[in-house]
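In case you want the letters, here they are:
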Amino acid sequence: MVMRMSIFDRVRDSGLADVKLMDGLERTEFMNDIFLDYQACKDLRQKKMENFYLELLKQLIKDYGN
């Protein structure tokens, strides 16, 4: 099993600069992973985490959505 770096590690270590270097498919998968984490937090009623992921998604969609 491959361990994936958590979103917090990726954001903390590089901000969102790495997203610029991703191709379209990688960017889509990255944003989808964040969306799935957002949904999980929403289902678990983790309001702070839900807000974190929502703001992160908003920024990514604003910058890379089109």
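Asks: Would you explain the overall build of the chain in this entry?
Replies: Along its length, the chain carries 4 helices and 0 strands. Secondary structure elements in the chain, listed N-terminal to C-terminal, are α-α-α-α. Looking at the chain alone, contacts between residues at least 24 apart form 51% of all its contacts between residues at least 6 apart. Carbon and sulfur atoms form 55% of the exposed surface of the chain, whose accessible area is close to 5300 Å².

Asks: What exactly am I supposed to notice about helix α4 (residues 47-64) here?
Replies: In a regular helix each residue adds 1.5 Å, so 18 residues correspond to 26 Å; α4 covers 25 Å between its end C-alpha atoms and thus fits that length. Along α4, the positions that sit buried rather than exposed are E50, Y53, L56, L57, L60 and Y64. Viewed end-on, α4 has its buried residues packed into an arc of 135°, placing them on one side of the element. Facing away from the buried surface of α4 by more than 90 degrees, the exposed residues are K47, K48 and K62.

Asks: How should the pattern of salt bridges be read in this particular structure?
Replies: One side chain can pair with another of opposite charge once the charged atoms of both are near each other. All chains considered together, the criterion is met by 2 salt bridges. A salt bridge links K58 to E55; its shortest N-O distance comes to 3.4 Å. In this pair, K58 and E55 are both assigned in helix α4, 3 residues apart and thus about one turn of the helix distant. Note on K58: relative accessible area 46%, which makes it partly exposed.

Asks: Would you explain the nonpolar core in this entry?
Replies: Within the largest apolar cluster, 12 residues are counted, these being V19, M22, F30, M31, I34, Y38, C41, Y53, L56, L57, L60 and Y64. Of all the secondary structure elements, the ones that give two or more residues to this core are α3 (24-43) and α4. Apart from the residues lying within four places of it in its own chain, the contact partners of Y38 are E50, Y53, L54 and L57.

Asks: Even after reading the chapter, I still don't get the packing of α3 against α4, so can you show me in this structure?
Replies: Relative placement of two packed helices is described by the angle separating their axes and the distance separating the axes. Following both chains from N to C, one finds α3 and α4 inclined at 155°, their axes separated by 9 Å at the closest point. It follows from the interaxial angle that α3 and α4 lie roughly antiparallel. Like other packed secondary-structure pairs, α3 and α4 cross with a definite hand, here left-handed. Between α3 and α4, the residues in contact are R27, F30, M31, I34, F35, D37, Y38, C41 and K42 and M49, E50, Y53, L54, L56, L57, L60, I61 and Y64, respectively.

Each value, and the rule that gives it
Note on numbering: residues in each chain are counted from 1, in written sequence order. Local features in a predicted model are, by the rule used here, given only for residues with pLDDT of at least 70; side-chain atom pairs are given and counted only at 80 or more, and totals for whole chains, interfaces and linings are based on all residues. Only heavy atoms go into the side-chain values, all of them from the structure, while hydrogens and water stay out. The helix and strand labels rest on DSSP assignments: H or I over at least four residues marks a helix, E over at least two residues marks a strand, and numbering proceeds from the N terminus. The contact rule is simple, with two residues in contact once any of their heavy atoms fall within 4.5 Å. A 1.4 Å probe and the Shrake-Rupley method give the accessible areas. Residues count as covered only by the protein chains that appear here. Take the residue count of a helix, subtract one, and multiply by 1.5 Å to get its expected span. Think of it in three bands: with a 1.4 Å probe and only protein chains considered, a residue is buried below 20% of the maximum accessible area for its type, exposed above 50%, and partly exposed in between. Regarding the arc, it is the one traced by the directions from the helix axis to the C-beta atoms. In the sections that follow, a salt bridge refers to a side-chain nitrogen of Lys or Arg positioned within 4 Å of a carboxyl oxygen of Asp or Glu. Side-chain atoms within 4.5 Å are what join buried Ala, Val, Leu, Ile, Met, Phe, Trp, Tyr and Cys residues into a set we call a nonpolar core. Under this scheme, a helix contributes an axis fitted over its contacting stretch, all axes are lines through C-alpha atoms, and angles between N-to-C directions fall in the 0 to 180 degree range. When describing relative orientation, an angle under 35 degrees is termed roughly parallel and one over 145 degrees roughly antiparallel, while 65 to 115 degrees is termed roughly perpendicular and anything else oblique. Left-handed describes a crossing whose near helix is turned anticlockwise from the far helix by less than a right angle; the clockwise case is right-handed.

Any functional reading would require information beyond the geometric quantities listed.
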